[in-house]
Amino acid sequence: MFRLAYLPVLIFIAVTAKAQLVSGPMLGPVELRTAKLWIEVVPGSSADFWYWKKGELATAKRVIKETSVDQWFGPLQFDAVDLEPNTTYEYRFRINNTGNIKPMKSDGTFTTKELWQWRKPAPDFAFLTGSCAYINEPPVDRPGKPYGGDSSIFETMAKEKAAFMFWMGDNWYTREVDYYDAWGLWNRASDNRAAPVMQKFWKSTSHYAMWDDHDYGPNDIGVNYILKNISREVFMNYWLNPSYGFNDKGIYTTISYGDVDIFIMDDRWWRSADNMKDSVNGKPNPDKQMWGKQQIDWLKNSLLYSKATFKIIANGSQVLNPASPFDKLLNCPVEYYDVMGFLEDNKIPGVLFMSGDRHHSEVIKVNRASAYPLYDITISPLTAGTHTFSGPEKNNPYRVIGIDEKQNYGKLSFTGEKGKRKLTVEFFGVKGEKLGEWSVNESDLKYNR
């Protein structure tokens, strides 16, 4: 029998456990028979992860992980396995559960993917995306007007119905107090992840990420960053991507959902200094690179292997945009023309590019003489300072749609019957107000054979 006298003890246990939780839970990839979840606890704490088919708490499975009091930070990653496709599961975390108390309710839910292949057409779905998330910390920020904007955008995004969120770089901003030492890099990731305004969003949908300069290290840095191995370790501990490059180099990987493949590129690990000359003696400079041979070889083979209707190549910096005076793959002409030539020579259908970084949103269109046009969808910023179209970009002839001076996020929807699939990109403001829309059909991204 439950006695009222036990109530203060239970309240004390609950409050203490909550105090040991730094941030999360965050939902990662949810596949057909597995799911990944993440939390961060105070070092020296333990965490129980319980999961069960919705409504069947008695069958709950338990995974226990511990952190050392000697650790600086305590991020933990958990796997739910042996699941059933197209099934909803409930889960709960308990911190320092010394009494082995079984949960009485859930923290949240997730639903595994449907096994549609060889059975039915690809499902309609949508995902959210954006870049440049600056959370203010006045004591260490630049003096003057705060650089971070209205962070309630994450509360708006938490209400969206989407298969996942894809973070396109600058997912946190390292400052001078962060990027000169390892502790600073870990601390910035932990601090950003723990922002109260973001907690509902972390468990509202699955999350994937790539990086750009600010969550890799100092502004505009690349191959020469002396702490890049630490940055990669931090990234791997705070995100739940399927993989992180090969041979312990880079963070490139692939997201596959429905009939869409997203090839996540690493634009920092091998990147030459931006002020390295593009050309030497009138010829493209082979030493100037953004992606590196290892990664480009992987991308080429991945594109040849992919059967996806839409093949999205995602990069921190823009790839196209000939009018931009800022960094882009086009500034690395050997790599740029190698990839463009490969796409044409192999007649790869369905290719688009996605990027962040620019603090404005737009769709860039570049026509090709003997192939379908290429598009670069840029979505930025979530909360960082906004940019105003100016100079050669003010009336950019390559721009199909543009949104400047506004925080925004994007929603990409994939709809339609087989052979007539459609990608629709919607841009939304802080409170969910619609700022613009653009779409392209599957048939518009094919070669005329």
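Keep in mind it's a predicted model, so treat the numbers as computed, not measured. (Residues numbered from 1 in each chain as written. Predicted model: local features only at pLDDT ≥ 70, side-chain atom pairs only at ≥ 80, totals over all residues. Heavy atoms only, no water.)

Chemist: What is the right way to look at the sheet that holds strand 12 (residues 260-264) in this model?
Modeler: What links the strands of a sheet is backbone hydrogen bonding, and the strands pair in either a parallel or an antiparallel sense. If you walk across this open sheet you meet the seven strands as 11-12-15-16-18-17-19, and the pairing is mixed. A strand with exactly one partner marks an edge of an open sheet, and here the two such strands are strand 11 (253-257) and strand 19 (399-403). The sheet shows a mean angle of 20° between the axes of neighbouring strands, taken without regard to direction. Summarising the sheet, strand 11 and strand 12 pair through five bridges and their orientation is antiparallel. Residue pairing in the sheet places I255 in a bridge with I262 of strand 12. Packing of helix 7 (residues 293-305) onto the sheet brings it into contact with strand 11, strand 12, strand 15 (310-315) and strand 16 (351-355), and relative to strand 12 it is tilted by some 175°. (Pairing = 2+ DSSP bridges. Helix = DSSP H or I, 4+ residues; strand = E, 2+ residues; numbered from the N terminus. Axes fitted to C-alpha atoms, helices over the stretch in contact; angles between N-to-C directions. Contact = heavy atoms within 4.5 Å.)

Chemist: What's the story with the packing of helix 3 (residues 182-193) against helix 6 (residues 228-238) in this structure? I'm lost.
Modeler: Two quantities define a packed helix pair, namely the angle between the helix axes and the distance between the axes. The N-to-C vectors of helix 3 and helix 6 enclose an angle of 25°; their axes lie 9 Å apart at closest approach. The orientation of helix 3 with respect to helix 6, classified from their angle, is roughly parallel. For the element pair helix 3 and helix 6, the recorded crossing hand is right-handed. Of helix 6, the residues touching helix 3 (which contributes A182, L185, W186, A189, S190 and R193) are I230, S231, E233, V234, N237 and Y238. Per-class residue counts for the contact of helix 3 with helix 6 are seven nonpolar, three polar and two charged. (Parallel < 35°, antiparallel > 145°, perpendicular 65-115°, else oblique. Left-handed = near helix turned anticlockwise from the far one by under 90°. Nonpolar A, V, L, I, M, F, W, Y, C, P; charged D, E, K, R; others polar.)

Chemist: So what exactly am I meant to see when it comes to the state of the cysteines here?
Modeler: Defined simply, a disulfide is a covalent bond joining two cysteines at their sulfur atoms. Enumeration according to the criterion identifies zero disulfides in this entry. Counting only cysteine sulfurs, C332 is the nearest neighbor of C132, a cysteine outside any disulfide, at a range of 19 Å. (Disulfide = S-S within 2.5 Å.)

Chemist: It is not clear to me how the nonpolar core should be interpreted in this structure. Could you clarify?
Modeler: One finds F154, F166, W167, I262, W291, L343 and L352 to be the most contacted residues of the largest nonpolar core, which totals 99 residues. Excluding its chain neighbours within four sequence positions, the residues that come into contact with F166 are F127, L128, T129, G130, Y208, A209, M210, I255, I262, I264, A314 and M354. Grouped together as the second largest cluster of nonpolar side chains are 18 residues, A35, L37, A47 and Y91 included. (Core = buried A, V, L, I, M, F, W, Y, C linked by side-chain atoms within 4.5 Å. Buried < 20%, exposed > 50% of the residue type's maximum accessible area, 1.4 Å probe, protein only.)

Chemist: For this particular structure, what's the right way to read the sheet that holds strand 3 (residues 46-53)?
Modeler: Across the sheet, which stays open at both edges, the four strands sit in the order 4-3-6-7 with antiparallel pairing between neighbours. Two strands in the sheet have a free side with no partner beyond their single neighbour: strand 4 (61-66) and strand 7 (108-111). Neighbour to neighbour, the strand axes of the sheet diverge by 25° on average, direction disregarded. As paired strands, strand 6 (residues 88-95) and strand 7 are joined by four bridges and run antiparallel to one another. In the strand pairing of strand 7, E90 is matched with T109.

Chemist: Looking at this model, I keep getting lost on the side chain of D170. Mind explaining?
Modeler: Tracing the backbone through its elements, the reader meets D170 in the loop between strand 9 (164-168) and helix 3. Despite its burial, D170 remains without a salt bridge, the nearest opposite charge being carried by R268 at 6.6 Å. At 3.0 Å, the side chain of D170 forms a polar contact with the backbone nitrogen of H214. The residues contacting D170, other than those within four sequence positions of it, are C132, A133, D212, D213, H214, D215 and D357. (Lys, Arg positive; Asp, Glu negative; His and termini not counted. Salt bridge = Lys/Arg side-chain N within 4 Å of Asp/Glu carboxyl O. Polar contact = N/O pair within 3.5 Å; in protein donor to acceptor, adjacent residues only side chain to side chain.)

Chemist: Explain the environment of T383 to me, please; I cannot follow it from the model alone.
Modeler: Summarising the element assignment, T383 is placed in the loop between strand 18 (371-378) and strand 19. On a C-alpha basis, the gap between T383 and T156 in space is 13 Å, while along the polypeptide they are 227 residues apart. Within the structure, T383 has its side chain in polar contact with the backbone nitrogen of Y134 (distance 2.6 Å).

Chemist: I keep staring at the pattern of salt bridges and nothing clicks. Help me out?
Modeler: Oppositely charged side chains can form a pair if their charged atoms are brought close together. Summed over the entire model, instances satisfying the criterion amount to 30 salt bridges. With a closest N to O distance of 3.3 Å, R33 and D82 form a salt bridge. Placement of R33 in the loop between strand 1 (21-30) and strand 2 (35-41) and of D82 in the loop between strand 5 (75-80) and strand 6 is noted, with a sequence separation of 49 residues between them. Between R62 and D48 there is a salt bridge whose closest N-O contact spans 2.6 Å. Highlighted residues: R62 in strand 4 and D48 in strand 3, separated in sequence by 14 residues. R62 sits in the partly exposed class, given a relative accessible area of 31%. A network of salt bridges, in which partner residues are shared, links D212, D267, R268, R271, D274 and D327.

Chemist: I would appreciate a short explanation of helix 8 (residues 333-345) in the present structure.
Modeler: Given a rise of 1.5 Å per residue, 13 residues ought to cover 18 Å, and the 17 Å separating the end C-alpha atoms of helix 8 matches this to within 8%. Among all positions of helix 8, only P333, E335, Y336, V339, M340, F342 and L343 are buried. Of the residues trailing helix 8, K347 is marked for its positive phi of about 45°. (Expected span 1.5 Å × (residues − 1).)

Chemist: What is the right way to look at unusual backbone geometry in this model?
Modeler: Glycine aside, negative phi is the norm for most residues, and most peptide bonds take the trans geometry. In this structure, P25 follows G24 across a cis peptide bond, with omega equal to 5°. Locating P25 in the fold gives a position in strand 1. The omega torsion of the bond from S380 to P381 falls at -5°, within 30 degrees of zero and hence cis. By the secondary structure assignment, P381 is in the loop between strand 18 and strand 19. A positive phi angle, close to 50°, is found at N86, a residue other than glycine. With respect to the element layout, N86 can be found in the loop between strand 5 and strand 6.

Chemist: I tried to follow the environment of A47 on my own but got confused; where do I start?
Modeler: Considering the arrangement of structural elements, one finds A47 in strand 3. By relative accessible area, which is 0% here, A47 ends up buried. Separated by 29 residues in the primary sequence, A47 and L76 place their C-alpha atoms 8.4 Å from one another. Discounting chain neighbours no more than four positions away, the residues touching A47 are I39, V41, V63, I64, K65, L76, F78, R94 and I95.

Chemist: Just checking my understanding: could you explain the confidence of the model for the protein for this structure?
Modeler: Should the pLDDT be low somewhere, the predicted coordinates at that spot are not to be read in detail. Put simply, the protein has an average pLDDT of 95, and 96% of its residues get 70 or more. Contacts of residues 1-13 to residues separated by more than four positions or lying in other chains number two contacts, the stretch itself having pLDDT below 50. (pLDDT = per-residue confidence, 0-100.)

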